[in-house]
Amino acid sequence: MKLATVAFYVLALGLLVVGLRELLAGFEENRCSMTYMFEYPEYRRVAMPCRIARLYPAYGLYLYGEGLYAQEIRALKLTGAPVLFLPGNAGSYKQARSLGSVALRKAENMEGGVHLNVFTVDFNEELVALYGGSLRRQTHFLHESIKAILRLYKHLKTPPQSVVLVGHSMGGVVARALFTLPRFNTHLVNLIITQASPHQAPVLALDPFLLDFYTAVRQKWLNQANKLRNVTVLSVGGGYRDYLVRSGLTSLPCSPGDPNKLSLVVTAVPKTWVSTDHLSIVWCKELVLATVRAFFDLIEPETRQFTVDQERKMAVINHHFIRHSVRMLGESQDTSISILDFPEAWSEVNTLRLAYSTPKEGQVKYFMFALSSRRKAYSHFYCRSNNLEMTSWVHGCMHKNSSSCVHAVDLSMGTELLPPYKVLTLSLSDLSFVTHLVVSASNINGKQFKVECEWQRQESLTLSVSVPHVLSFGFTVSEVTVNSSGLLHTIQLQHFQQVYQAFRINVASQCKVHKDRLPSVYRLKVAWFREDSLTTVSVPSVAEISGMLHTSHPDDISGVLLQLHTAPNCQYKISIRTSIPKVLGQVLRFCGPMVPVYTAVTLLLAYGRQLSSILKTGRAVDMTLAVGSGLQPHKINLPLYLVHILLSCNWFQEVWSILCLPPMDTLSQTFPDGASHEKVASAEEWPHLLSPLLYILGAAVAYWGSTLLHLFIRLISLILAPLHRPSVSRDCGTLRLRTQLLICVSLTVLGGTSCGALSIFASSLFHLYRVLRLQMAERSLSHMLNLVPLKHQQSENGTINAESFSTSKECCGAPLLSESALQEVRDDLQLHLSLSALFMLPVMLSMPSLIHWIRNLRYSTQLDPDHCWPHTVPLVAVYMLLTNCNTFKLSYSKLLSLTSCLPLPLAITMVTFSSLHLYRVTYFLSAALIPLALCCLV
């Protein structure tokens, strides 16, 4: 039975390792280019008012500079446009150097002295993603920093009235929190760009302050959406390389009718097209260039400050981050274009497809396509060119003479940029005023490029295929073959709308004729969120695409498209199969925060198993066996399913409200805003269906974690054994009552005056010492009994007098050596090992608060606010009382029968209310341990 348990948990550990490997390493290599400083970076500290400096001694405001520019700004007489960078969790203010350096190089090529002043805030590298008590302080300091920055421009005739904010990680959340301050002037900030910021919810809810902060920010932006429409917010997610903040969390929670709030993944940003990890999104040159270009396009030449025109802001952002067309929407342009020059350069194309390569020598060339004969047979006109100069290149001819176009309008506005070429697709139904289409293939500068165009019938170029079920385990394959007679084909992936789905999409291309071709581009396009991914390959080739989603969609629609920008006269075979490793990676990406809760549940049920064994037999079972039996999904999940079903009934919801119970924890929002509540609730049932798998993964962590804990205790006990006298008593490591009271009072006072987590950690060390002494006693007893097995056996049988057995006399106050004494020590050791595993959970959950307190000790000796303080008194008392606990006392306790019944209902309640509120785990553990501590007294 034990071998079967070990084999099962080896398999469970294998699943966990496969999922973690896919989550942490199952993505493309880092294709970001590094940003480098051309001169030594300098950070000029900006003096804050004395009152602010006293209130926030750990924070600071700096101005970035390099070389000569750093010398010019020493007097802080600034004339540029202010940009303020906000670091995230444990982030350094020096991360602004990438943005600042690129902005300096860009300003060298600008006319009129247009440039940026890049400021950065030092938040002391606080762990605000794990400890939310500092978020409000950071928000207030940010407000004061903005006012201090604007004061630096008072000498200008037209000083800036606002500051642009760039926030990384939690810095982006703090930027949006500015608007929750009661005295904040909303006109001080009208543009916010966030990078990998978890706007939807915190990654880990380790304290209530973090959740309260998020709730206040969300309610402000939703309830006062109309007042905040002048604020443009762009949120950029890092893609699958960012395993710390999944891109679904970076979606802005805002009203769907607000066009000034945009969310996207960096893989969809034109001229970027790469996935970034959580740190490289700050220095990724491709993204930094797009950001800096957008900033300079937002500056008004007259004032040399950022524009306040909302339409212009949105046009610039859409141009650089959404669709890189030939020009920005709203830019001045001629409504007509006269192209009468060079009549000999005109050619009319009567075929269905054009493939043209420009010669080495420069020339002017135009191709005309007549619309009159194509309107009924075709629906679209598609054209692409690897001449990436974003200039007008496709026109609609309105008046034509015998050989050329006399009057034409520019149709290039819809051009879209892909990695190897630009493409344009025109709908013929929108071109009723045009007689001919004109494609420019001029290369006056002598630069060679290719142009390919064709007439398309969209219906014939669109195919549908159903993706395999996620439970097909990769054995079922969906295939479709495209005999490419055109340049663009679209595959609709039906029934692909949930984040737990993951596929390996293989595209194999074969061509009949081998010649120079433009590369193929495979684009996975998601209709409800800008999370497109592009793959560029040569032809012929075999490419593998990871089919995964950052967000789900509640509607059963074919919203995921696989666009194939293909080469003509080629065959493309597309095969789709479920990838179990990627599915496991997606499960951990979205449900990973639930695994620690199931780990706690397993340890709690193991603790219950120990109490039941002591109640029935007076002995404790082996810790590994107890933890191994903690996997009881039928006892946990069935009540959860029942509660989930009953919550759909109105009468049960009323009872739930009367009891003042908090909402049942479900997976944080993974759907785009605006989805119907009913469909979202129906589609979000999948975390409940995955709960058995999450339980298995959590149990694997508990099983192997407790095994490692036992090995660690054995190792430490070997190291510490020479420092202690040998003891064979079950009471070794216990504390006197007066000592217990003194320690409890001291640690309680320590927690109230400094940090509650420090008291919890210190009290756990006392219990750890007790476990180490029991481990030493167990080893000493085993060695002593093994040295005299014959005399010990005779003594047990009564054939010799116990007094003559000198080695069996009391040692260090211990009772006579016997197998029963050894068994008593082993029982106490197994009990306390199980308790140690439980005690580790509150310590680990409170560790971020302790780390934050230690790092800020030079500024303040007391952690404020401290969410651990309410737990300090009960946990310290429980730890001290249980230090002296043993199985003999428990077996005769009147409360043990009641205490042994508590772990199961507490485990069910823990999963119900703590799956996404991890700090609540400590409440339930305290509720389970306090009765056990009373058992030691009653």
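Below: a short report on this structure. Please read all numbers here as calculations on a predicted model, not as lab measurements.

**Remarks on the overall build of the chain**
In terms of helices and strands, the chain carries 26 helices and 27 strands. Viewed in the frame of its principal axes, the chain has a C-alpha envelope of about 130 × 70 × 55 Å. Counting over 938 residues, the chain shows a buried share of 57%. For the chain, restricting intrachain contacts to residue pairs at least 6 apart in sequence, the fraction spanning at least 24 positions comes to 81%. As displayed, the chain has an accessible area near 40000 Å², and 58% of this comes from carbon and sulfur atoms. Between the averaged position of the 80 positive side-chain charges in the chain and that of its 62 negative side-chain charges there is a distance of 3 Å.

**Points about the packing of aromatic side chains**
Enumeration according to the criterion identifies 27 aromatic pairs in this entry. Plain terms: the ring middles of Phe839 and Tyr879 are 4.1 Å apart, the flat faces sit at 35 degrees to each other, and that makes the pair tilted. With Phe839 in helix H21 (residues 819–855) and Tyr879 in helix H22 (residues 869–883), the pair connects residues that are 40 residues apart, well separated along the chain. The class for Phe839 is buried, based on a relative accessible area of 3%. Given the relative accessible area of 0%, Tyr879 is considered buried. Taken together, the ring pairs connect Phe8, Tyr9, Tyr703 and Trp704 into an aromatic cluster.

**Description of the nonpolar core**
If you look at the biggest cluster of nonpolar residues, it comprises 140 residues, and the most contacted ones within it are Leu493, Ile505, Ile574 and Leu882. At 14 residues, the largest contribution of residues to this core is made by H21. In this view, Ile505 contacts Leu493, Leu524, Ala543, Glu544, Ile545, Gly547, Leu562, Ile574, Ser575 and Ile576; residues no more than four positions away in its chain are not counted. Of all hydrophobic cores here, the second largest spans 98 residues; its members include Ile149, Ala177, Leu191 and Val282.

**So, the side chain of Ser385**
Residue position: Ser385 is located in strand E12 (residues 380–385). Classification of Ser385 as buried rests on a relative accessible area of 2%. In this structure the side chain of Ser385 is engaged in a polar contact, spanning 3.2 Å, whose partner is the backbone oxygen of Lys450. Residues within four places of Ser385 in sequence aside, it is in contact with Trp393, Tyr421, Lys422, Phe449, Lys450 and Val451.

**Some words on the sheet that holds strand E20 (residues 477–484)**
One open sheet holds the 4 strands; their spatial order is E20-E27-E22-E25, and the pairing between them is antiparallel. Where the open sheet ends on each side, the last strands, each with one partner, are E20 and strand E25 (541–547). Strand-to-strand twist in this sheet, taken as the mean axis angle between neighbours without regard to direction, amounts to 15 degrees. Bridge count between strand E22 (residues 503–511) and E25: 7 bridges; the pairing is antiparallel. Residue pairing in the sheet places Arg504 in a bridge with Ser546 of E25.

**What to know about the packing of helix H5 (residues 135–151) against helix H6 (residues 170–177)**
Two elements in contact, H5 and H6, have axes separated by 9 Å at closest approach and are oriented at 65 degrees. The two elements H5 and H6 meet at a crossing, and its hand is right-handed. Between H5 and H6, the residues in contact are Leu135, Gln138, Thr139 and Leu142 and Met170, Val174, Ala175 and Ala177, respectively. Partitioning the contact of H5 with H6 into residue classes produces 6 nonpolar, 2 polar and no charged.

**Quick word on the pairing of strand E13 (residues 394–400)**
Pairing geometry for E13 and strand E17 (residues 436–440), over 4 bridges, is antiparallel. Across the sheet, Cys397 pairs through a bridge with His436, a residue of E17. Across 5 bridges, the pairing between E13 and strand E14 (residues 405–410) is antiparallel. Across the sheet, residue His395 finds its bridge partner in E14, namely Asp410. The loop that links E13 with its antiparallel partner E14 comprises 4 residues.

**Notes on helix H25 (residues 903–914)**
In terms of residue burial, H25 counts as a mostly covered element, since 9 of its 12 residues are buried. Among all positions of H25, only Pro903, Leu906, Ala907, Ile908, Met910, Val911, Thr912, Phe913 and Ser914 are buried. Contacts made by the buried residues of H25 are with helix H12 (595–617), helix H14 (633–646), helix H15 (650–658), helix H24 (896–899) and helix H26 (921–935).

**Here we look at the sheet that holds E17**
Taken in spatial order, the 5 strands make up an open sheet running E9-E11-E17-E13-E14, and their pairing is mixed. Looking at strand neighbours, the two that pair on one side only are strand E9 (346–349) and E14, the edges of this open sheet. Each strand of the sheet is rotated relative to its neighbour by a mean of 35 degrees, with strand direction disregarded.

**Considering the pattern of salt bridges**
For the structure on display, the rule yields 20 salt bridges. Arg105 is the partner of Glu108 in a salt bridge, and the nearest nitrogen-oxygen pair spans 3.1 Å. Given a relative accessible area of 18%, Arg105 falls into the buried group. Asp258 is paired through a salt bridge with Arg229; the nearest N and O atoms lie 3.7 Å apart. Here the residue Asp258 occupies a position in the loop between strand E7 (232–237) and strand E8 (261–265), and Arg229 occupies one in the loop between helix H7 (208–223) and E7, the gap between them amounting to 29 residues. Residue Arg229 is classed as partly exposed on the basis of its relative accessible area, which comes to 30%.

**Looking at the side chain of Asn387**
Turning to its location among the elements, Asn387 is positioned in the loop between E12 and E13. Setting aside residues no more than four positions away along its own chain, Asn387 makes contact with Lys422 and Phe449.

**What to know about the packing of H25 against H26**
For any two helices packed against each other, the geometry is given by the interaxial angle and the distance between the axes. Interhelical geometry of H25 versus H26 gives an angle of 165 degrees and a closest axis separation of 9 Å. Overall, the two elements H25 and H26 adopt an arrangement that is roughly antiparallel. For the pair H25 and H26, the sense of crossing is right-handed. Contact residues: Leu906, Thr909, Met910, Phe913 and Ser914 in H25; Val921, Phe924, Leu925, Ala927 and Ala928 in H26. The residue inventory of the contact of H25 with H26, partitioned by class, reads 8 nonpolar, 2 polar and no charged.

**Considering unusual backbone geometry**
Cis rather than trans, the peptide bond between Val539 and Pro540 has omega equal to -5 degrees. One can find Pro540 in the loop between strand E24 (533–537) and E25. Note that the residue after Asp864, namely Pro865, is joined by a cis bond; omega there is -5 degrees. Within the fold, Pro865 resides in the loop between H21 and H22. Phi is positive for Glu125, close to 50 degrees, though the residue is something other than glycine. We classify Glu125 as partly exposed; its relative accessible area is 33%. With a phi close to 55 degrees, Ala196 is a non-glycine residue in the positive phi region. On the secondary structure map, Ala196 appears in the loop between strand E6 (191–195) and H7. On the basis of relative accessibility, which here comes to 0%, the residue Ala196 falls in the buried class.

**A few points about the environment of Trp528**
Take Trp528: it is sitting in the loop between strand E23 (520–526) and E24. Between the alpha carbons of Trp528 and Ser552 there is a distance of 8.6 Å; along the sequence they are 24 residues apart. A distance of 3.1 Å separates polar atoms of two side chains, one belonging to Trp528 and the other to Thr551.

Criteria and thresholds
- Residues numbered from 1 in each chain as written.
- Predicted model: local features only at pLDDT ≥ 70, side-chain atom pairs only at ≥ 80, totals over all residues.
- Heavy atoms only, no water.
- Helix = DSSP H or I, 4+ residues; strand = E, 2+ residues; numbered from the N terminus.
- Buried < 20%, exposed > 50% of the residue type's maximum accessible area, 1.4 Å probe, protein only.
- Contact = heavy atoms within 4.5 Å.
- Areas by Shrake-Rupley, 256 points an atom, 1.4 Å probe, with all protein chains shown as cover.
- Lys, Arg positive; Asp, Glu negative; His and termini not counted.
- Charge placed at Lys NZ, Arg CZ, Asp CG, Glu CD.
- Phe/Tyr/Trp six-rings, centres within 6.5 Å; stacked < 30°, edge-to-face > 60°.
- Core = buried A, V, L, I, M, F, W, Y, C linked by side-chain atoms within 4.5 Å.
- Polar contact = N/O pair within 3.5 Å; in protein donor to acceptor, adjacent residues only side chain to side chain.
- Pairing = 2+ DSSP bridges.
- Axes fitted to C-alpha atoms, helices over the stretch in contact; angles between N-to-C directions.
- Left-handed = near helix turned anticlockwise from the far one by under 90°.
- Nonpolar A, V, L, I, M, F, W, Y, C, P; charged D, E, K, R; others polar.
- Salt bridge = Lys/Arg side-chain N within 4 Å of Asp/Glu carboxyl O.
- Parallel < 35°, antiparallel > 145°, perpendicular 65-115°, else oblique.

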